[in-house]
Amino acid sequence: DWDMVVVQEHTGNQYSWYWTEDEKTALQGIIDYARAARPGNTPKVYYVMSQAYLDLTKAGSNQCFTNEAEMYDVITAQARKVMAETDFDGIISTGTMLQNLRTSSLNDDLHLTRDGFHMNHGISRYGAACTVFESIITPLTGKNLDGNTYRYTGDDEITIPVTDENAPIALAAARAA
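Bear in mind the structure is a predicted one, so any value in this text is a computation, not a measurement. (Residues numbered from 1 in each chain as written. Predicted model: local features only at pLDDT ≥ 70, side-chain atom pairs only at ≥ 80, totals over all residues. Heavy atoms only, no water.)

Some points on the nonpolar core
Link 1 in the chain: Counting residues in hydrophobic clusters, the biggest one holds 23 residues, and the most contacted among them are Leu 27, Val 45, Phe 65, Met 71 and Phe 88.
Link 2 in the chain: Secondary structure elements with two or more residues in this core: β1 (4-8), α1 (21-36), β2 (44-48) and α2 (68-85).
Link 3 in the chain: Top contributing element to this core by residue count: α2, with six residues.
Link 4 in the chain: Look past the residues within four positions of Val 45 in its chain and what remains in contact with it is Val 5, Val 7, Ile 31, Ala 34, Arg 35, Phe 88, Asp 89 and Gly 90.
Link 5 in the chain: The next biggest cluster of nonpolar side chains, apart from the first, holds 18 residues, and it includes Met 119, Leu 145, Ala 170 and Ala 173. (Core = buried A, V, L, I, M, F, W, Y, C linked by side-chain atoms within 4.5 Å. Buried < 20%, exposed > 50% of the residue type's maximum accessible area, 1.4 Å probe, protein only. Helix = DSSP H or I, 4+ residues; strand = E, 2+ residues; numbered from the N terminus. Contact = heavy atoms within 4.5 Å.)

And the structure:
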């Protein structure tokens, strides 16, 4: 049994930044399939907005951007089209949360990634988890992450540990997203 579906596109190909009828049909098809599979208990279907990469070689070919900021703008425009032209119930803006963190005191040389591509295991993933929770769970339950005491210390040089000092910054970045 399930009552929610979350869809995330891989930003390593052109379908994440070129809006076409094929892309629209494919995404709407996923939504329709998920809802048809649960007659009488129509699930909510959410779209996860991807993040921009520091290392653009990971983004594949057919790029229409030359840097991380441009990639973020293209992903944002794509997400707006997805939301305007398909029947997703909502968006989970993890990509915007990461851009928000990148403008904070927490940004680092890898732009909060562990490899220029994937979010680091610490504060970036914590911020993404806050975004998911407050986008989906909070509206359903009224519970939010104020006072959350989870902390991740990590044990490698590419993880920014989650601390009492920086956890509120990630939560604010998630809420602003």
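Structural notes on the packing of helix α3 (residues 94-102) against helix α5 (residues 167-176)
Link 1 in the chain: Orientation of α3 relative to α5, taken along the N-to-C sense of each, is 130°, at an axis distance of 8 Å. It follows that α3 is oblique to α5 by the angle criterion. Note that α3 runs across α5; the crossing there is right-handed. Contacts from Met 97, Asn 100 and Leu 101 in α3 reach Ile 169, Ala 170, Ala 173, Ala 174 and Ala 176 in α5.
Link 2 in the chain: Among the residues forming the contact of α3 with α5, the class breakdown is seven nonpolar, one polar and no charged. (Axes fitted to C-alpha atoms, helices over the stretch in contact; angles between N-to-C directions. Parallel < 35°, antiparallel > 145°, perpendicular 65-115°, else oblique. Left-handed = near helix turned anticlockwise from the far one by under 90°. Nonpolar A, V, L, I, M, F, W, Y, C, P; charged D, E, K, R; others polar.)

Considerations on α5
Link 1 in the chain: For α5, the set of buried residues is Ala 167, Ala 170, Leu 171, Ala 173 and Ala 174. Down the axis of α5, the buried side of the element spans an arc of 160°, and every buried residue falls inside it. (Arc of directions from axis to C-beta.)

Section: the packing of aromatic side chains
Link 1 in the chain: The tally for this structure, following the rule as stated, stands at three aromatic pairs.
Link 2 in the chain: Relative to Tyr 150, the ring of Tyr 126 lies with its centre 6.3 Å away and its plane at 15°, an arrangement referred to as stacked. Placement of Tyr 126 in helix α4 (residues 123-141) and of Tyr 150 in the loop between α4 and α5 is noted, with a sequence separation of 24 residues between them.
Link 3 in the chain: Relative accessible area serves as the criterion here: at 8%, Tyr 126 is assigned to the buried category. (Phe/Tyr/Trp six-rings, centres within 6.5 Å; stacked < 30°, edge-to-face > 60°.)

Things to note about the sheet that holds strand β3 (residues 90-92)
Link 1 in the chain: Strand order in the open sheet formed by three strands is β1-β2-β3, and the pairing between neighbours is parallel. Each edge of the open sheet is held by one strand with a lone partner, namely β1 and β3. Across the sheet, the mean angle from the axis of one strand to that of its neighbour is 30°, orientation sign disregarded.
Link 2 in the chain: Bridge analysis of β2 against β3 gives three bridges, and the strand direction is parallel. The partner of Tyr 47 across the bridge, within β3, is Ile 91.
Link 3 in the chain: α2 rests against β2 and β3 of the sheet, and its axis sits at about 165° to β2. (Pairing = 2+ DSSP bridges.)

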